[in-house]
Amino acid sequence: MSSDKSFDIPKAQVWHAWLAVKASKGGPGIDGVTIEMFEQDLKNRLYRIWNRLSSGSYFPSPVKRVDIPKADGGIRSLGIPNVEDRIAQAVVKAQFEPVVEPHFHDDSYGYRPGRSALDAVAKTRQRCWRDDWVLDLDIRKFFDTLDHEVVLRAVRRFTSCRWVLLYVERWLKADVQLPDGTLQRSETGTPQGGVISPLLANTVLHLAFDQWMLENFPAIHFERYADDIVVHCRTRKQLDWVRGHIERRLARCKLELNAKKTRVVYCKDSNRTEPCDCYSFDFLGYAFRPRSARDRAGNFFVSFSPAISPKASKALRQKVRRDWRLVSRVFMSLNGLARWLNPMIAGWIQYYGRFCRSALHSVLNHINHALEAWAMRKFKRLRGRKTRARAWLHAVASRSPNLFVHWQYQGWMTRAV
């Protein structure tokens with residue numbers, strides 16, 4: 001280590017942090033500097049970050065708050081740090097994550113290497129078949145209400161690295177720039193949108209919930225993805241008992257359940273007939289509820305299983321309508337549209353089509369309707385003629401069934417008309 005530096009931080013660690021931030025993209029913070037602008041003076045900028053981190057003179061800029069409307073009418077506040085602050089956070093994350101990650105619970109899935117939301121959905125489906133009851137937990141404004149001292153105590157449980165603790169504390173206390181330009185002092189919370197925030201959230205909830213559940217209720221299973229938690233119980237009596245203990249535990253960690261959004265769900269199927277006010281819940285874009293299914297002998301029965309949620313389906317259809325705006329892209333060829341859209345469509349199918357793919361057809365059909373509208377705007381002979389545009393699209397699909405990735409999942413689209 002250089003004699004004039006307080007902390008031994010390898011320059012290579014800053015370089016790898018830059019690569020991670022560049023790969024994740026993201027918009028500019030309050031300074032307006034984009035990834036592309038930052039890269040124009042890359043060597044000097046990265047050196048300054050390393051120099052400030054190593055000497056202890058690094059202080060983060062205020063975080064840019066962006067308010068995103070939620071489907072339920074509420075607001076989700078994101079905090080967007082400057083590019084240089086995201087790189088600094090990635091440096092600390094690279095130092096802290098390998099230390100804390102081995103301690104995390106097997107049923108914690110969010111923002112962890114080698115784990116995915118689909119893994120959590122699959123495990124939830126399996127346990128809903130085994131246990132009759134689900135407690136769908138919602139922690140009220142989790143990222144906004146995290147107590148700073150609780151976060152720091154959690155981090156100290158796993159590391160004594162001085163510069164990790166120093167910079168985590170500075171990020172927690174960094175000011176927030178509101179949309180109107182005024183600065184707000186940060187008293188609680190860690191901004192969603194920061195590179196380090198998911199790891200801090202996992203660290204807190206590992207101690208506040210996961211490890212506590214393992215020690216106190218080892219026979220009760222759960223899945224957690226960041227602050228989205230599903231708890232499985234054998235009986236309603238067991239669920240009510242566990243819920244009371246969870247509420248008291250979270251209160252000791254200065255967290256609170258959202259009573260309106262926390263739900264008691266009965267996993268009703270052909271063999272479960274107890275009365276309940278609620279037979280469904282949403283988790284990671286999937287709606288779990290009773291659905292018609294068929295066994296190997298071809299007999300129908302009711303299974304409690306997941307499929308794309310109505311909320312997620314609506315959001316995808318809105319993206320097709322509002323973001324793609326195909327009718328304004330008549331300058332593109334059909335092949336050009338396919339090259340642009342196929343990666344997005346494939347991603348939707350890969351995620352939302354993993355379970356009960358047929359429920360995704362409303363979204364895929366919406367894409368086809370958008371393509372028909374594009375064709376009516378593109379070709380004079382099809383203008384104002386929906387039936388002809390639909391026949392034209394079917395004819396294209398029958399000739400080139402692999403042109404759009406979703407057509408192979410819609411056999412009726414590729415049959416000749």
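Residues numbered from 1 in each chain as written. Predicted model: local features only at pLDDT ≥ 70, side-chain atom pairs only at ≥ 80, totals over all residues. Heavy atoms only, no water.

A. Seen up close, the sheet that holds strand β8 (residues 263–266). Strand order in the open sheet made by the four strands is β6-β7-β3-β8, with antiparallel pairing throughout. Whereas interior strands pair on both sides, the edge strands pair on one side only; in this sheet they are β6 (222–225) and β8. Neighbour-to-neighbour, the strand axes of the sheet open up by a mean angle of 15 degrees, direction not taken into account. In this sheet, strand β7 (residues 228–233) lies alongside β6 in antiparallel orientation, the contact comprising four bridges. Its bridge partner being in β7, Glu 223 is matched across the sheet by Val 230. Packing of helix α10 (residues 236–252) onto the sheet brings it into contact with β3 (133–138), β7 and β8, and relative to β3 it is tilted by some 20 degrees. (Pairing = 2+ DSSP bridges. Helix = DSSP H or I, 4+ residues; strand = E, 2+ residues; numbered from the N terminus. Axes fitted to C-alpha atoms, helices over the stretch in contact; angles between N-to-C directions. Contact = heavy atoms within 4.5 Å.)

B. Representation of the sheet that holds strand β11 (residues 300–308). Read across the sheet, three strands follow the order β9-β10-β11 without closing on themselves; strand pairing throughout is antiparallel. One side of each edge strand has no neighbouring strand; the edge strands of this open sheet are β9 (281–283) and β11. Strand-to-strand twist in this sheet, taken as the mean axis angle between neighbours without regard to direction, amounts to 50 degrees. Bridging between strand β10 (residues 286–294) and β11 involves nine bridges; their strand directions are antiparallel. Counterpart to Arg 294 in the pairing with β11 is Phe 300.

C. Seen up close, the pattern of salt bridges. Inspection of every chain in the model, using the stated rule, returns 21 salt bridges. Residues Arg 127 and Glu 223 are paired through a salt bridge, measuring 2.8 Å at the closest nitrogen-oxygen approach. Taken as a pair, Arg 127 in helix α5 (residues 117–130) and Glu 223 in strand β6 lie far apart in primary sequence, 96 residues in all. By the burial criterion, Arg 127 is buried, and Glu 223 matches it. The closest approach of N and O atoms between Asp 240 and Arg 236, which form a salt bridge, is 3.1 Å. (Salt bridge = Lys/Arg side-chain N within 4 Å of Asp/Glu carboxyl O. Buried < 20%, exposed > 50% of the residue type's maximum accessible area, 1.4 Å probe, protein only.)

D. Representation of helix α14 (residues 386–399) in the model. Between the first and last C-alpha of α14 there are 20 Å, a value that for 14 residues agrees with the 20 Å anticipated at 1.5 Å per step. Taken as a whole, α14 has its buried residues at Ala 389, Trp 392, Leu 393, His 394, Val 396 and Ala 397. (Expected span 1.5 Å × (residues − 1).)

E. Seen up close, the nonpolar core. Grouped together as the largest cluster of nonpolar side chains are 70 residues, with contacts concentrated most on Phe 38, Ile 87, Trp 163, Met 213, Val 231 and Ile 246. Ranked by residue count, the leading element in this core is helix α9 (residues 197–216), at nine residues. With residues near it in sequence (within four places) discarded, Phe 38 still touches Trp 18, Val 33, Arg 45, Leu 46, Ile 49, Val 83, Glu 84 and Ile 87. Counting residues in each nonpolar core, the second largest holds 34 residues, with Leu 334, Ile 367, Met 376 and Leu 382 among its members. (Core = buried A, V, L, I, M, F, W, Y, C linked by side-chain atoms within 4.5 Å.)

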